[in-house]
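Notes for the structure review
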Number of protein chains: 2
Amino acid sequence: MTAPTVSPAPVAPALRPRRDAELPSRFTRSAAARTGLVRDTADVHSWLEERRRAHRFRVDRIPFTELDGWSFDPRTGNLGHRSGKFFTVEGLRVATSTDGREQRWHQPIIRQPEVGILGILVKEFDGVLHFLMQAKMEPGNRNLLQVSPTVQATRSNYTKAHKGADVRYVEYFTDPRRGRVLADVLQSEHGSWFFRKSNRNMLVEAIGDVPEHDDFRWLTLGQIGELLLQDNVINMDARTVLACAPFPDAEGVSLHSDTALRSWFTTERARHDVSAERVPLAGLPGWVRGEHSIDHEEGRYFGVVAVGVHAGSREVASWTQPLFEPKGEGVTAFLTRRIGGVPHLLVHARVEGGFLDTVELGPTVQYTPSNYAHLPPAERPRFLDLVLGADPARIRYEALHSEEGGRFLNAESRYLFVDTDEDQAPLEAPPGYLWATTGQLTALLRHNHYLNVQARTLLSCLTSGAVRL
Amino acid sequence: MTAPTVSPAPVAPALRPRRDAELPSRFTRSAAARTGLVRDTADVHSWLEERRRAHRFRVDRIPFTELDGWSFDPRTGNLGHRSGKFFTVEGLRVATSTDGREQRWHQPIIRQPEVGILGILVKEFDGVLHFLMQAKMEPGNRNLLQVSPTVQATRSNYTKAHKGADVRYVEYFTDPRRGRVLADVLQSEHGSWFFRKSNRNMLVEAIGDVPEHDDFRWLTLGQIGELLLQDNVINMDARTVLACAPFPDAEGVSLHSDTALRSWFTTERARHDVSAERVPLAGLPGWVRGEHSIDHEEGRYFGVVAVGVHAGSREVASWTQPLFEPKGEGVTAFLTRRIGGVPHLLVHARVEGGFLDTVELGPTVQYTPSNYAHLPPAERPRFLDLVLGADPARIRYEALHSEEGGRFLNAESRYLFVDTDEDQAPLEAPPGYLWATTGQLTALLRHNHYLNVQARTLLSCLTSGAVRL
């Protein structure tokens, strides 16, 4: 008698659920944790102070003639680097048409067609997700050093156009075997200053042990949320990545259904015609090039300037580069309302000349007030005066944050959530505005190019638990 | 004693569920219905025949000099209409770089920056959703008349650049009070022939009675599915809208999670650098302009030609226009596999010069074989020969369909689903390819610019129930 023949079981490929139902609650648990591997946020400040001392770092304004490797093209006047890498400053001619109303302008714009990586490495310690944050110097930040993502790298960075050191931890974001991707999406940067710039926003959960380094600390989401209550601690790159974190929406109800929200967005994209053509920076109408800066003839908007940087902690020790410097502090705010008990935010479909596709959703208010100071009240941007004059009891959040310090000098905005009522901000919102819940907006952040970078800063205050509406 | 004072109940604004959980099953029910207001598909053919007789329609090739209102710009050589409306034919210079491998080419391209509406009106009769389909003539279709969406209108159409009649039923798609939006999303058209063209794809459920017209019939989704099994009956515009219909995914499992699928898509977008610059059509390298056509010097790809049209059922009675005419029939196919019992499709991240953002997901195979006939087998496009030589027993679907007959002349492709195994198409797919379920791909179709128009044609065969994998 022979042994019975057993056919081998067919090797069933492992199917998995399309969605990880546990993930939002793991983030919620981390957002609730104010203590972790680092005891508290005071310890974060000690660490930042210590890193500030460890690295010498100085930024000086210089005339364009002292830029090293950068020059104005003799034909186009565009400002670029001799390697052809990094970015160029060019001219942009924008024409928009909305319901028959036309606008035209010229402006300098940063062109950097490559896609960079903004990535935060995530790992569970004692049952709580921690986020590996970097103390990073950026020349444009007023306080120079801020808390940044684990990796913040242009492709030039990590392919070494810098001729500098490797980017630490970048392998977790370029090699899928090193971790599990929790979020990975292309998002726009400032459409008023960049021409069609996107970066990958990534959250990756590390597999195995992660080597440590003095410039990095594991923080809970709740600790990052606490730091977001303070001025100029969490940098822009960290904020935009954190906005893309999962956010639980147990109730799943809203004033407008998801389909209605997306249909309104589609209507807004189709309602605006935007033509944005690159033109030479030389002779750009309305802009004047001096020795130290390129400025608008009326002194508004922003200038293009140059700086020299001496640093110890950067990939290379010293360099020069152009930066954009806005004229005045910005004000960026979501108006909020509880509708049927559920918090809603008033989003604004905004045209910015550098967007890939006509409009993205921004906060209710996103302006530099000094650019509008000369206008009569009736022509000032909608809802701006409501935010500037808000009753302090209605302000649910207020902090000053910097935009990306690698491209922008002293670009600070006051970020706010302001609670409103029907008289101030009706449910039947004006054209171009719509009420949506945090759950709806964070769901859109799983996809490209719905929400602009300013909206993402404010949403990071919600995903991190800095604000509970 | 006075009557008790009753405070009025606060008017609670009506919140609604973010998602309509009933909608997918309503579409499924319609996809199962092979009979409805129209008894069967034979009656659809009688109606089409009758409309064909009712409308005279003739298309003649003409030399460019006989185009009326269209001319080549003396400076750029671009072909446009004197009104500045409709579209222009311009030159495009494309340079792509993928993992260090570079490609460059020039080609004519259609530029039509305005966003059109492709809309199907939906209404329930006897508990079953019906779709209001139009018998519509288009000059580029070999059989001229096909089944089209309720509304298929460029903005020039419905703002009357044509000086023609109003577009019937367009108010349901432009006035939100006339119906309930079920889908509304911007989707790309052919990235090889159009420069960054998007149309709104809309499904709107009508509120109230809908007036009838001889050129229109209410069909169930199942009836449309039956017609999709036949060659050249359902036009491209109808197919792309139907692809955006909700599709139930009860199992909710897949080889790769939704996050992994989106991360792969992000990787593919970031992996390819694509520069596409508009250049003058005059002197476009590799292309020759004759009296009747503009052709590639090796006779490949497509030509630009001109036609004169005489019609009765169009918004205007007769006109002339340019069309693109491909050289040879295309082959467009999804390879499929059941993985763990769940059907999967092999999607391909494709670069096309006219895409808004580097890549979109296409079918596994999308080629015009004659363009590659001169190449040795090793250099032929991946999976093409597998589809061309497929065992008929493995072909789950095969039909010939036309691309948009308002812009393309005799642009026909053979559309297929071909079942495969591990030897032919491994689960560990080659770079640029990934296995995904129908549920995953139709979920992406709620958002802009994930799936190209050829993939959408094939997905419409699944949402309509023409094919069950």
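Everything discussed here concerns the structure shown above.
Scope of this entry: the structure provided in the associated data block. (Residues numbered from 1 in each chain as written. Chains lettered and ligands numbered in written order. Predicted model: local features only at pLDDT ≥ 70, side-chain atom pairs only at ≥ 80, totals over all residues. Heavy atoms only, no water.)

1. Section: the overall build of chain A
The line we're drawing: Segments assigned H or I by DSSP are reported as helices when at least four residues long, segments assigned E as strands when at least two residues long, and all are numbered from the N terminus. Computation of the radius of gyration draws on C-alpha atoms, with the globule rule given as 2.2 Å multiplied by the number of residues to the power 0.38. When accessible area is computed with a 1.4 Å probe and restricted to protein chains, residues below 20% of their type maximum are described as buried, those above 50% as exposed, and intermediate ones as partly exposed. In what follows, residue pairs with any heavy atoms lying within 4.5 Å of each other are defined as contacts. Per-residue accessibility takes into account occlusion by the displayed protein chains alone, with areas from the Shrake-Rupley method and a 1.4 Å probe. The charge count includes Lys and Arg as positive and Asp and Glu as negative, but it does not include His or the ends of the chains. For charged residues, the charge sits on one atom: NZ in Lys, CZ in Arg, CG in Asp, CD in Glu.
Summing up its helical and strand segments, chain A has ten helices and 26 strands in all. Its C-alpha atoms give chain A a radius of gyration of 23 Å, within 12% of the compact-globule value 23 Å for 469 residues. Taken over the C-alpha atoms alone, chain A extends approximately 95 × 55 × 50 Å along its principal axes. Considering chain A as a whole, with its 469 residues, one finds that 61% of them fall into the buried category. Of all intrachain contacts in chain A linking residues separated by at least 6 positions in sequence, the fraction that spans at least 24 positions is 73%. Roughly 18900 Å² of accessible area belongs to chain A as shown, and the carbon and sulfur atoms make up 49% of that amount. A gap of 4 Å separates the mean positions of the 55 positive and 58 negative side-chain charges of chain A.

2. Focus: the relation of the copies chain A and chain B
Under the convention used in this document: Fitting of the copies onto one another was done by least squares over C-alpha atoms, counting residues only where both copies have pLDDT of at least 70.
Placing chain A over chain B gives an RMSD of 0.0 Å and needs a rotation angle of 180 degrees, together with 0.0 Å of translation along the axis. As the rotation angle and translation indicate, the two copies are arranged about a two-fold axis.

3. Some points on the packing of helix H2 (residues 41–54) of chain B against helix H5 (residues 221–228) of chain B
All names here are of chain B. We apply this condition: Every axis corresponds to a line fitted to the C-alpha atoms, with the helix fit spanning only the stretch in contact, and the corresponding angles, defined between N-to-C directions, vary from 0 to 180 degrees. In these notes the angle categories are as follows: under 35 degrees is roughly parallel, over 145 is roughly antiparallel, 65 to 115 is roughly perpendicular, and the rest is oblique. Polar here means any residue other than Ala, Val, Leu, Ile, Met, Phe, Trp, Tyr, Cys and Pro, which are nonpolar, and Asp, Glu, Lys and Arg, which are charged; Gly is therefore polar.
Close contact between H2 and H5 brings their axes to 10 Å; oriented N to C, the two are set at 70 degrees. Classified by the interaxial angle, the pair formed by H2 and H5 is roughly perpendicular. When H2 is examined against H5, the residues Thr41, Val44 and His45 are found in contact with a partner set consisting of Gln223, Glu226 and Leu227. The residue makeup of the contact of H2 with H5, split by class, is two nonpolar, three polar and one charged.

4. Side note on the nonpolar core
To keep it simple, the criterion reads: By nonpolar core is meant a set of buried Ala, Val, Leu, Ile, Met, Phe, Trp, Tyr and Cys residues that side-chain atoms within 4.5 Å join together.
Counting residues in each nonpolar core, the largest one holds 69 residues, and the members touching the most others are Phe27, Phe131, Leu203, Phe417, Leu441 and Leu451 of chain A. Look past the residues within four positions of Phe417 of chain A in its chain and what remains in contact with it is Phe334, Thr336, Leu345, Arg394, Ile395, Arg396, Tyr397, Leu458, Cys461, Leu462, Val467 and Leu469 of chain A. Counting 68 residues, the second-largest nonpolar core is a separate cluster that includes Leu23, Ala183, Leu242 and Leu323 of chain B.

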